[in-house]
Amino acid sequence: VAPPIRCGVEVMRLSRRENAGFVAETAAGTITANNVVVATGPYQRALMPDVLRDHKVFQVHASRYQNPGQLLPGAVLVAGAGASGAQIAEELLRAGRRVYLSVGTHRRLPRRYRGRDLIWWLAEMRLDQITPEQRGPARLGPVITGAYGGHTIDFRNFVTDGMVLLGRIETARDGVIEIAPGLAECLADGDLVYTTFLGIVDEYAKRRGLDLPDDPDARITLSDPACVTAPLTRLDLDIEGVSAVVWATGYGLDFGWINIPVLDARGEPLHRNGISAVPGLNFLGLPSLSKMNSSFLSGVGDAATVLAD
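A brief look at the structure comes next.

Scoring rules and cut-offs
Residues numbered from 1 in each chain as written. Predicted model: local features only at pLDDT ≥ 70, side-chain atom pairs only at ≥ 80, totals over all residues. Heavy atoms only, no water. Helix = DSSP H or I, 4+ residues; strand = E, 2+ residues; numbered from the N terminus. Buried < 20%, exposed > 50% of the residue type's maximum accessible area, 1.4 Å probe, protein only. Contact = heavy atoms within 4.5 Å. Areas by Shrake-Rupley, 256 points an atom, 1.4 Å probe, with all protein chains shown as cover. Lys, Arg positive; Asp, Glu negative; His and termini not counted. Charge placed at Lys NZ, Arg CZ, Asp CG, Glu CD. Expected span 1.5 Å × (residues − 1). Pairing = 2+ DSSP bridges. Axes fitted to C-alpha atoms, helices over the stretch in contact; angles between N-to-C directions. Polar contact = N/O pair within 3.5 Å; in protein donor to acceptor, adjacent residues only side chain to side chain. Core = buried A, V, L, I, M, F, W, Y, C linked by side-chain atoms within 4.5 Å.

## A short note on the overall build of the chain
Part 1: Within the chain, the secondary structure is distributed over seven helices and 19 strands.
Part 2: Buried residues in the chain amount to 41% of all 309 residues.
Part 3: Sequence separation of at least 24 residues holds for 67% of the intrachain contacts in the chain that already meet a minimum separation of 6.
Part 4: Accessible surface computed for the chain: about 16,900 Å², of which carbon and sulfur atoms make up 52%.
Part 5: If you average the places of the 31 positive and of the 34 negative side-chain charges in the chain, the two averages end up 4 Å apart.

Rendered as structure tokens:
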């Protein structure tokens, strides 16, 4: 008969003792084990700039955003143009809000192309098998959405519906935000990623003889709107009636509860394919753990198999 498993415990501190394996201190007591798999994900700490600390405007991180009704009436500034920022900005726009979206470096990819979903293409072309070494230092996720049936995001289309695009937020004082130049260049870089991916797909489909329909509409791009060609350099929240700021500015790791020398200077785990240099201590579910899809539902099983072996 297997020993009982304790469920629902939260580890407050993980350490290692001589001849005792790993010791996890929890509110329910102490647990000892010879092997530990840390599978708590990469989103423990919400990153939220404090540039507006001296202003009364309501602020919320994307992780705590719920719906447009959560925010006070008025315009909304969404800072961050990754998947979360784009999706939240679109929802607010559809709810009738005036939306300002701060756009920085991003990777724009199609939701669907030539009759197949983006994830299908990544798996078909085995791009989801790319290792961290092959991918390089870039860790930006794609700007995509599954909302409203799923569709490809082009920020210029948002402008057509009334949104205002801004560059990256630099500083703020007394509710006046200073905006960095380079918005048009950011959009152009995002377009380059997008069109390059379409080209890779087309070449693959041709080489493999895939009987999939052409999709010329996917290459149609609107011209840059006025808010891009003559972008704002500052935004006064009070004058523009901005009542809320949604910070879609990502996440950081928090492994401060691991009292074992297995983290680098940035607090990130040192490992290879999830296996640390400390025997018995392993990690699972981190982005690009061993491959691009290591944190996908479709790929985490492969990473788990490596650890099990």
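Structure shown, so let's carry the discussion forward.
## What about helix H1 (residues 83-94)?
Each α-helix turn comprises 3.6 residues. Residues three or four places apart therefore point the same way.
Part 1: Helix length check: H1 (12 residues) gives 17 Å between terminal C-alpha atoms against 16 Å at 1.5 Å per residue, within 8%.
Part 2: The complete set of buried residues in H1 reads Gly 85, Ala 86, Ile 88, Ala 89, Glu 90, Leu 92 and Leu 93.
Part 3: Gly 96 sits one or two positions beyond H1 and adopts a positive phi of about 90°.

## Notes on helix H5 (residues 183-208)
Part 1: Over its 26 residues, H5 extends 38 Å from the first C-alpha to the last, a length consistent with the 38 Å expected when each residue adds 1.5 Å.
Part 2: Looking at H5, one finds that the buried residues are Leu 183, Cys 186, Leu 187, Gly 190, Asp 191, Tyr 194, Phe 197, Leu 198, Val 201, Tyr 204 and Ala 205.
Part 3: Against the buried residues of H5 lie strand S9 (107-108), strand S10 (112-113), helix H2 (118-124), helix H4 (155-160), strand S13 (164-166) and helix H6 (226-229).

## Things to note about the side chain of Asp 154
Part 1: Within the secondary structure, Asp 154 is located in the loop between strand S12 (142-143) and H4.
Part 2: Every residue in contact with Asp 154, bar those within four places of it in the chain, is listed here: Arg 108, Thr 221 and Leu 222.

## Focus on the sheet that holds strand S15 (residues 176-179)
Part 1: Strands sit in the order S14-S15-S16 across an open sheet of three strands; the sheet is antiparallel. At either end of the open sheet lies a strand with only one pairing partner, and these are strand S14 (169-173) and strand S16 (234-236). Strand-to-strand twist of the sheet, defined as the mean angle between neighbouring strand axes without regard to direction, takes the value 20°.
Part 2: Two strands pair when backbone bridges link them, and S15 and S16 are joined in this way by three bridges, in the antiparallel orientation. Of the residues in S16, the one forming a bridge with Val 176 is Asp 236.

## Looking at the side chain of Gln 129
Part 1: For Gln 129, the location among the structural elements is in the loop between H2 and helix H3 (132-135).
Part 2: When its relative accessible area of 17% is taken as the criterion, Gln 129 is described as buried.
Part 3: A distance of 3.3 Å separates the side chain of Gln 129 from the side chain of Asp 128, its partner in a polar contact.
Part 4: Side chain to side chain, Gln 129 and Lys 291 meet in a polar contact 2.9 Å long.
Part 5: Excluding residues within four positions of it along the chain, Gln 129 makes contact with Gln 134, Lys 291 and Asn 293.

## So, the nonpolar core
Part 1: Counting residues in each nonpolar core, the largest one holds 46 residues, and the members touching the most others are Leu 77, Val 78, Leu 101, Phe 155, Leu 165, Ile 177 and Leu 237.
Part 2: Non-local contacts of Ile 177, meaning those with residues more than four positions away in its chain, are made with Leu 52, Leu 77, Ile 169, Thr 171, Ala 172, Thr 233, Arg 234, Leu 235 and Leu 237.
Part 3: Counting residues in hydrophobic clusters, the runner-up holds 17 residues, among them Phe 255, Val 262, Val 278 and Leu 289.

None of the figures reported here should be taken as evidence of function without further support.
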